[in-house]
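Analysis of the macromolecular model
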Amino acid sequence: AQSVTQLDSQVPVFEEAPVELRCNYSSSVSVYLFWYVQYPNQGLQLLLKYLSGSTLVKGINGFEAEFNKSQTSFHLRKPSVHISDTAEYFCAANQGAQKLVFGQGTRLTINP
Amino acid sequence: DTGVSQNPRHKITKRGQNVTFRCDPISEHNRLYWYRQTLGQGPEFLTYFQNEAQLEKSRLLSDRFSAERPKGSFSTLEIQRTEQGDSAMYLCASSVDLYGYTFGSGTRLTVV
């Protein structure tokens, strides 16, 4: 069964510092990968997705992610974070089936 | 496009009572999904509709749970004889394809 692992449950960073949120997936076949952000008491908002093509994917709010097939990773990055980026971030994978499989989430906390 | 709407936003119920949640998807989206998210975890797939047909159900969906999507429009998720373990955020999402779900804000259920 497909699984998604987010290696850090919490990541604290200072404002304007760079950040990387790590995600690994298990799959031996083609996979579609996603990053979602969840603000408190809200649903999930799509940040970016990898379907095929260029391995560097740019999303909203200045985020980007790199698909690495050999390392089965899809890490999310932002060169300079803002207080407003404080939220829970979820990596998800879809192996061509109808459902997304989510990681457990990474809580990003931005300190002034 | 008013997004995916879920009602109610919050529901507190006594153990053993029945509850029903409603999801109104984006009008042109023929696919509708229900997920459950417990505290500190990523969303878990519950069930999927394409138009009015329920095509997949997770084993998480015990016989106390039932979902419908009459006429392929809105959907309802009913939980009978609620248990404390049913306390969670119930998320609805809709899409036109496999590549971009739009999530609602969720219904938070608390069983006391």
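This write-up is about the structure you can find in this document. (Residues numbered from 1 in each chain as written. Chains lettered and ligands numbered in written order. Predicted model: local features only at pLDDT ≥ 70, side-chain atom pairs only at ≥ 80, totals over all residues. Heavy atoms only, no water.)

**What about the overall build of chain B?**
When its secondary structure is counted, chain B shows zero helices and 11 strands. Secondary structure of chain B in N-to-C order comes out as β-β-β-β-β-β-β-β-β-β-β. Whereas a compact globule of 112 residues would reach a radius of gyration of roughly 13 Å, chain B reaches 13 Å, a difference of no more than 12%. Seen through its C-alpha atoms, chain B measures out along the principal axes to roughly 35 × 25 × 20 Å. Looking at chain B residue by residue over its 112 residues, the buried ones come to 47%. Sequence-distant contacts, at least 24 apart, represent 52% of the contacts inside chain B between residues at least 6 apart. Measuring between centres, the 14 positive side-chain charges of chain B sit 7 Å from its 12 negative side-chain charges. (Helix = DSSP H or I, 4+ residues; strand = E, 2+ residues; numbered from the N terminus. Rg over C-alpha atoms; globule rule 2.2 N^0.38 Å. Buried < 20%, exposed > 50% of the residue type's maximum accessible area, 1.4 Å probe, protein only. Contact = heavy atoms within 4.5 Å. Lys, Arg positive; Asp, Glu negative; His and termini not counted. Charge placed at Lys NZ, Arg CZ, Asp CG, Glu CD.)

**Observations concerning the pairing of strand E8 (residues 64–68) of chain A**
The two faces of a sheet get side chains in turn, since along a regular strand they alternate between them. Residues and elements named next belong to chain A. Going residue by residue along E8, you find Ala65 and Phe67 tucked away on one face and Glu64, Glu66 and Asn68 left uncovered on the opposite face. Where strand E7 (residues 56–58) meets E8, three bridges bridge the pair, whose relative direction is antiparallel. Considered in E8, the bridge of lysine 58 is made with glutamate 64. Taking the residues that link successive antiparallel strands as the turn, the E7-E8 hairpin has five residues, and the phi of asparagine 61 there is positive, at about 60°. Alignment of E8 against strand E9 (residues 73–78), held across five bridges, turns out to be antiparallel. Paired with asparagine 68 across the two strands is serine 73, which belongs to E9. The antiparallel pairing of E8 with E9 creates a hairpin that spans four residues between the two strands, and threonine 72 there sits at a positive phi of about 45°. (Pairing = 2+ DSSP bridges.)

**Digging into the environment of threonine 2 of chain B**
Residue placement: threonine 2 of chain B occurs in the segment before strand E1 (5–7). Sequence separation between threonine 2 of chain B and isoleucine 26 of chain B is 24 residues, and the spatial gap between their C-alpha atoms is 7.0 Å.

**Comments concerning the nonpolar core**
In this structure, Trp35, Leu48, Phe74, Leu76 and Tyr89 of chain A are the most contacted members of the largest nonpolar core, which totals 27 residues. When residues of this core are assigned to their parent elements, the largest contribution, four residues, is made by strand E10 (residues 87–94) of chain A. The contact partners of leucine 76 of chain A, leaving out residues within four places of it in the chain, are Val19, Glu20, Leu21, Trp35, Leu47, Leu48, Phe63, Glu64, Ala65 and Tyr89 of chain A. Listed in part, the 19 residues of the second largest apolar core include Val19, Leu32, Leu46 and Leu77 of chain B. (Core = buried A, V, L, I, M, F, W, Y, C linked by side-chain atoms within 4.5 Å.)

**Describing the interface of chain A and chain B**
In this assembly, 20 residues from chain A lie in contact with 21 residues from chain B. Buried surface at the junction of chain A and chain B, both sides included, amounts to about 1700 Å², of which 53% is carbon and sulfur. One can count one salt bridge joining chain A with chain B. With its nearest N and O atoms 2.8 Å apart, the salt bridge here joins lysine 99 of chain A to glutamate 56 of chain B. Inspection of the chain A/chain B interface yields four residue pairs in polar contact (both at pLDDT 80 or more). (Buried area = accessible area lost by both parts, 1.4 Å probe. Salt bridge = Lys/Arg side-chain N within 4 Å of Asp/Glu carboxyl O. Polar contact = N/O pair within 3.5 Å; in protein donor to acceptor, adjacent residues only side chain to side chain.)

**A look at the state of the cysteines**
Residues and elements named next belong to chain A. One pass over the structure, following the stated rule, counts two disulfides over all chains. The partner cysteine of cysteine 23 in its disulfide is cysteine 91, sulfur to sulfur 2.0 Å. A torsion of -65° about the S-S bond marks the disulfide between cysteine 23 and cysteine 91 as left-handed. Remark: cysteine 91 occurs in strand E10 and cysteine 23 occurs in strand E4 (residues 23–26); sequence separation between them is 68 residues. For the residue pair cysteine 23 and cysteine 91, the accessibility class agrees, reading buried in each case. (Disulfide = S-S within 2.5 Å.)

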